[in-house]
Amino acid sequence: MGTTPARRKTYSAPALEKGLSMLELLADEPGGLKLSDIARRLDRSVGEIFRMLAVLEQRGYVTSMNGTDTYRLTLKMFDLSHRFPPVKRLTSIAAPVMEQLALGTGQSCHLSTYYEGKAHVIAQQDPSSERIFSVRLGASAPLVNSCSGHILLTFANEETRVRMLAELPARDRPRKSDLRQLVGKVRKQGFERVASQQIHGVEDIGFPVFDYTGAIVAALVMPFVSYLDGSHPVAIDQAVLRVKAAAETISSNLGI
């Protein structure tokens, strides 16, 4: 007679669940939320929310804005995530390569990884130029209409790609024919070069970064800006080659 696998036990920790709910709520509100709004959205009393916020503020996870009752997240969770060994190793290896790339091209660049339906910027480098366009560290981008998203989708294995798409809201999932066309084009090229769908006048260049097993771990992207006076150090075709070389260097160094 076969045995029935034991069901996974569930536990309740109301205070912890309350705190995590508050952090998750504030993560979607870069401008912060008032105490009363947090209490209303979480269906809790102002008193219990205030006590929890006070503890989170003491621990450095949230801060009150200018002494008001509006609270927002600090970067502490972002800092904690970067202490996670794989991310820390990736960013430490990529940092000097990205610095040289930015200085040599006069363009900013950033490194993005996949998390919960989006591409998230985990490293960013600006050039020394006075005129720059850059993406904020910690920013996120959609999978289906961003350069980094295209790279992460294209070079993921089939099983991972299915999971990534399943984590998107149904309205954001591309048609199968559109996805096949996108993946086929980017894979054939080995990179993505596309006009930004968020910022007019920016052309994004992206290449995959692989670990020692050959699995994609990040997308290295340069949002290329052409100056009207032609003063940028390199043309976009040369920038493509430099981003490619940088991505290959990072990938190679990850295998050491």
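Each value, and the rule that gives it
Residues numbered from 1 in each chain as written. Predicted model: local features only at pLDDT ≥ 70, side-chain atom pairs only at ≥ 80, totals over all residues. Heavy atoms only, no water. Helix = DSSP H or I, 4+ residues; strand = E, 2+ residues; numbered from the N terminus. Buried < 20%, exposed > 50% of the residue type's maximum accessible area, 1.4 Å probe, protein only. Contact = heavy atoms within 4.5 Å. Polar contact = N/O pair within 3.5 Å; in protein donor to acceptor, adjacent residues only side chain to side chain. Core = buried A, V, L, I, M, F, W, Y, C linked by side-chain atoms within 4.5 Å. Pairing = 2+ DSSP bridges.

Let us now look at the overall build of the chain. For the chain, the helix and strand inventory stands at nine helices and nine strands. For the chain, the spread of C-alpha atoms along the principal axes amounts to about 65 × 60 × 40 Å. Counting over 256 residues, the chain shows a buried share of 39%. Put simply, of all contacts in the chain between residues at least 6 apart along the chain, 53% involve residues at least 24 apart.

Turning next to the side chain of Ser196. Here Ser196 is to be found in the loop between β7 (192-195) and β8 (202-210). Of the residues examined, Ser196 reaches a relative accessible area of 15% and is grouped as buried. Polar side-chain contacts of Ser196 include one of 3.0 Å to the backbone nitrogen of Ile199. Not counting the four nearest positions on each side in its chain, Ser196 is found in contact with Val202, Glu203 and Asp204.

Attention shifts here to the side chain of His150. Structurally, the position occupied by His150 is in helix α6 (residues 147-155). A polar atom in the side chain of His150 sits 3.0 Å from the backbone oxygen of Val144. With sequence-adjacent residues up to four places away left out, His150 is seen in contact with Leu143, Val144, Asn145, Leu182 and Glu192.

With 28 residues, the main nonpolar core has Leu90, Met98, Leu111, Ile205, Val209, Leu220 and Ile250 as its most contacted residues. When residues of this core are traced back to their parent elements, those giving at least two are α5 (85-105), β4 (109-115), β5 (118-125), β8, β9 (216-225) and α9 (236-254). Examining the composition of this core, we find that eight residues originate from one element, α9, more than from any other. Setting aside anything within four residues of it in sequence, one finds Met98 in contact with Cys109, His110, Leu111, Ala123, Gln124, Gln125, Leu220 and Ile250. In terms of nonpolar packing, the next biggest core, distinct from the first, is built from 21 residues, Tyr114, Ala119, Cys147 and Ile216 among them.

As a further point, take the pairing of strand β3 (residues 70-73). Direction of pairing for strand β1 (residues 33-34) relative to β3: antiparallel, over a ladder of two bridges. Across the sheet, residue Lys34 finds its bridge partner in β3, namely Thr70. As judged from the three bridges shared by strand β2 (residues 62-64) and β3, these two strands associate in the antiparallel manner. Within β3, the position partnered with Val62 by the bridge is Leu73. Hairpin connection between β2 and β3: a loop of five residues separates the two successive antiparallel strands, and Asn66 in this loop has a positive phi of roughly 55 degrees.

Turning our attention to unusual backbone geometry. When glycine is set aside, most residues are seen to have a negative phi, and most peptide bonds are trans. Phi at Asp43 takes a positive value of approximately 55 degrees, unusual for a residue other than glycine. Checked against the element boundaries, Asp43 lands in the loop between α2 (35-42) and α3 (46-58). With phi around 50 degrees, Glu116 is a residue other than glycine that occupies positive phi space. Positionally, Glu116 belongs in the loop between β4 and β5.

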